[in-house]
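Examination of the molecular architecture
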Amino acid sequence: MKSWGFGTSKKKNLAGACLAHALHDGYTDALYVFLPIWQAQFGLSYAALAILRALYSGTMGGLQIPADRVLRGWSPRAALILSTVLALTGLLIMAAPFGFAGLCVGLVVAGIGSSIQHPCASMLVTVSYGAAARHPLGIYNFSGDLGKAALPALVAVLLPILGWQPVLGLMAALGIAVSVALVPLAPAAPIARTVTTGTASGQGRGGFGILTTIGALDTATRMGYLLFLPFLIHGQGGDTAMVGLALALLFIGGAFGKATCSRLGERLGVVGSVMLTEAATALLIAATLFTPLTPTLILLPLLGIVLNGTSSVLYGAVPELSDGDTGRAFAVFYTSVIGSGGVAPILYGVIADHSTQTIGVLASAATAALIVPLALMLGPHLSDSTAGPQERPGVFRNRMSRWIGQGRQ
């Protein structure tokens, strides 16, 4: 792998990728704050609101692979700036006096812009750090949560004061500032499409499919539980403010989990970390069904750590299992994850509608539990450098024999 001076600038590259990720994820979640306003202004049903949301999320998720293919010869600087400019242009179209049609067009344009960011920025971090990319990818993953926490909160504060069109204009102005900031942070030269990870050629075949399935199920678990959490809190006697507190506690734990679980992956290996976090997720989700309100609020930050933390471990394993074209692998992985996040709440909602809310919550817990045996299947596809003892039984046995021999001496 060529270094392009990455030995001295890789932290700058990581900062640029994190800045873009924070902005685009902030854009994505801030749009939720506008939905009630658009519903009232345009007389939309809940189904119409779901379709409106899908214009953005569907475009963003569906174009990950095409965007990676079209822009693979571009430099990270050009691609990330294009991504941001398209996203902010979409916001400006939405803010312009074009009515409902303009709102729809703007959402599609913004979705096109955000579809570029994920595979490009992930690839930049991977190439910059090479075989040591697991923890930096966790930091990149965590930066998206910072944007999700900050920008929607800022929008919620500004909307009653300025109205929704001026707020969208301010969000676009923030995108302009980020575009300028990316100029010195992101490299101007195209980057390699392959990364040295210590994995034998072809070793990732099959393993990447398992990893992508785990990522989709992990996201399904998270989105399913978020669907039911407000109703769960209300059922335990909490009011609307308490629902907001519960979500905040879960997201705070989630942000901490994304920042720390990548380190856990380095210590326990991918399989051990995923098994631990998913088993804990299943148990804690089930526990919140049977605890009163106060214990539930205490459990939510812990649940957030394992509910969100797994994703950092999974993202860090993409380069090793990419089978060469890491950029396309990230695009495929993000497409699967985003698609799962859109479909899963509908499926869990159908389950709850035809049974009970409790069954719906338990279904999300069962999805997390299903990941545990899948993680065991992933082990043989991972290299020794990223494998914990449980991923390589032969390695584990050799270590145990060596320890026992030393003890006898």
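Residues numbered from 1 in each chain as written. Predicted model: local features only at pLDDT ≥ 70, side-chain atom pairs only at ≥ 80, totals over all residues. Heavy atoms only, no water.

Overview of the overall build of the protein chain
Secondary structure assignment for the protein chain yields 13 helices and 0 strands. Its helices and strands taken in sequence order, the protein chain reads α-α-α-α-α-α-α-α-α-α-α-α-α from the N to the C terminus. With 409 residues in all, the protein chain has 52% of them scored as buried. A fraction of 82% describes how many contacts in the protein chain between residues 6 or more apart in sequence connect residues 24 or more apart. With an accessible surface of roughly 16,900 Å², the protein chain has 70% of that area assigned to carbon and sulfur atoms. (Helix = DSSP H or I, 4+ residues; strand = E, 2+ residues; numbered from the N terminus. Buried < 20%, exposed > 50% of the residue type's maximum accessible area, 1.4 Å probe, protein only. Contact = heavy atoms within 4.5 Å. Areas by Shrake-Rupley, 256 points an atom, 1.4 Å probe, with all protein chains shown as cover.)

What to know about the nonpolar core
Counting residues in hydrophobic clusters, the biggest one holds 75 residues, and the most contacted among them are Tyr27, Phe34, Trp38, Met171 and Leu211. Examining the composition of this core, we find that 11 residues originate from one element, helix α1 (residues 6–42), more than from any other. Setting aside chain neighbours within four positions, we find Leu211 in contact with Leu314, Ala317, Val318, Leu321, Phe333 and Leu378. Counting 25 residues, the second largest nonpolar core, distinct from the first, contains Phe228, Val243, Val306 and Ala352. (Core = buried A, V, L, I, M, F, W, Y, C linked by side-chain atoms within 4.5 Å.)

Regarding helix α12 (residues 357–378)
Look at α12: 32 Å from first C-alpha to last across 22 residues, which is about the 32 Å you get at 1.5 Å a residue. Buried within α12 are the following residues: Gly360, Val361, Ala363, Ser364, Ala365, Thr367, Ala368, Ile371, Leu374, Ala375 and Leu378. (Expected span 1.5 Å × (residues − 1).)

What to know about the pattern of salt bridges
Enumeration over the complete set of coordinates arrives at 1 salt bridge. Residue Arg222 pairs with Asp218 through a salt bridge whose shortest N-O separation is 3.2 Å. Remark: Asp218 and Arg222 occur in helix α8 (residues 207–235); sequence separation between them is 4 residues, near one turn of the helix. Arg222 sits in the buried class, given a relative accessible area of 12%. (Salt bridge = Lys/Arg side-chain N within 4 Å of Asp/Glu carboxyl O.)

Comments concerning helix α10 (residues 293–321)
Along its 29 residues, α10 runs 42 Å from first to last C-alpha, staying within 8% of the 42 Å computed at 1.5 Å per residue. Counted residue by residue, α10 has 23 buried out of 29 residues, so it is predominantly covered.

Regarding the side chain of Glu278
Inspection of the secondary structure assignment puts Glu278 in helix α9 (residues 240–287). For Glu278, the contacting residues outside a window of four places in its chain are Asp218, Thr310, Ala368, Ile371 and Val372.

Describing a nonpolar patch on the surface
Together, Val157, Ile161, Leu162 and Leu170 make up a nonpolar patch on the protein surface, roughly 380 Å² of accessible area in all. No other element matches the 3 residues that helix α6 (residues 134–162) contributes to the nonpolar patch. (Patch = residues over 30% accessible without salt bridge, like charges linked within 9 Å, V, L, I, M, F, W, Y side chains within 5 Å.)

Brief notes about the packing of helix α11 (residues 326–353) against α12
Between α11 and α12, whose axes approach to 7 Å, the crossing angle comes to 140°. Viewed along their axes, α11 and α12 adopt a mutual orientation that is oblique. Between α11 and α12 lies a crossing whose hand is right-handed. Facing α11, whose interface residues are Tyr348, Ile351 and Ala352, α12 presents Gln357, Ile359, Gly360, Ala363, Ser364 and Thr367. Among the residues forming the contact of α11 with α12, the class breakdown is 5 nonpolar, 4 polar and no charged. (Axes fitted to C-alpha atoms, helices over the stretch in contact; angles between N-to-C directions. Parallel < 35°, antiparallel > 145°, perpendicular 65-115°, else oblique. Left-handed = near helix turned anticlockwise from the far one by under 90°. Nonpolar A, V, L, I, M, F, W, Y, C, P; charged D, E, K, R; others polar.)

Some points on the confidence of the model for the protein chain
Per-residue pLDDT for the protein chain averages 80, and the proportion of residues at 70 or more is 85%. This stretch, residues 196–204, has a pLDDT under 50; its non-local contacts, to residues over four places away or in other chains, come to 17 contacts. Residue range residues 389–409 is modelled with pLDDT below 50. Its contacts to residues more than four positions away, or to other chains, number 23 contacts. (pLDDT = per-residue confidence, 0-100.)

Here we look at the packing of α8 against α12
Put simply, α8 and α12 touch, their axes get as near as 9 Å, and they point 160° apart. Classified by the angle their axes make, α8 and α12 are roughly antiparallel. Classified by chirality, the crossing of α12 by α8 is left-handed. Its residues assigned to classes, the contact of α8 with α12 comprises 16 nonpolar, 8 polar and 1 charged.

Comments concerning the environment of Leu300
Relative to the assigned elements, Leu300 resides in helix α10. Considering only alpha carbons, one finds Leu300 and Leu247, 53 residues apart in sequence, at a separation of 8.3 Å. Discounting residues that sit within four places of it in the chain, Leu300 has contacts with Tyr225, Leu229, Ala246, Leu249 and Leu250.

Structural notes on the environment of His21
Tracing the backbone through its elements, the reader meets His21 in helix α1. What His21 contacts, discounting residues up to four positions off in sequence, is Gln117, His118, Tyr140, Asn141, Ser143 and Gly144. A polar atom in the side chain of His21 sits 3.4 Å from the side chain of Ser143. (Polar contact = N/O pair within 3.5 Å; in protein donor to acceptor, adjacent residues only side chain to side chain.)

Here's the deal with the packing of aromatic side chains
Considering all chains together, one arrives at 4 aromatic pairs under this definition. Here Phe34 and Trp38 contribute two aromatic rings whose centre-to-centre distance is 5.4 Å and whose plane-to-plane angle is 15°, an arrangement assigned as stacked. Placement of both Phe34 and Trp38 in helix α1 is noted, with a separation of 4 residues, approximately one turn of the helix. Exposure class is identical for Phe34 and Trp38. Each is buried. (Phe/Tyr/Trp six-rings, centres within 6.5 Å; stacked < 30°, edge-to-face > 60°.)

Some thoughts on the side chain of Gln236
Structurally, Gln236 can be placed in the loop between α8 and α9. A polar atom in the side chain of Gln236 sits 3.0 Å from the backbone oxygen of Thr291. Excluding residues that lie within four positions of it along the chain, Gln236 makes contacts with Thr288, Thr291, Pro292, Leu293 and Thr296.

Here we look at the environment of Gly349
Within the secondary structure, Gly349 is located in helix α11. Sequence separation between Gly349 and Val361 is 12 residues; the distance between their C-alpha atoms is 9.7 Å. Those residues in contact with Gly349 that sit more than four places away from it in its chain are Leu227 and Phe228.

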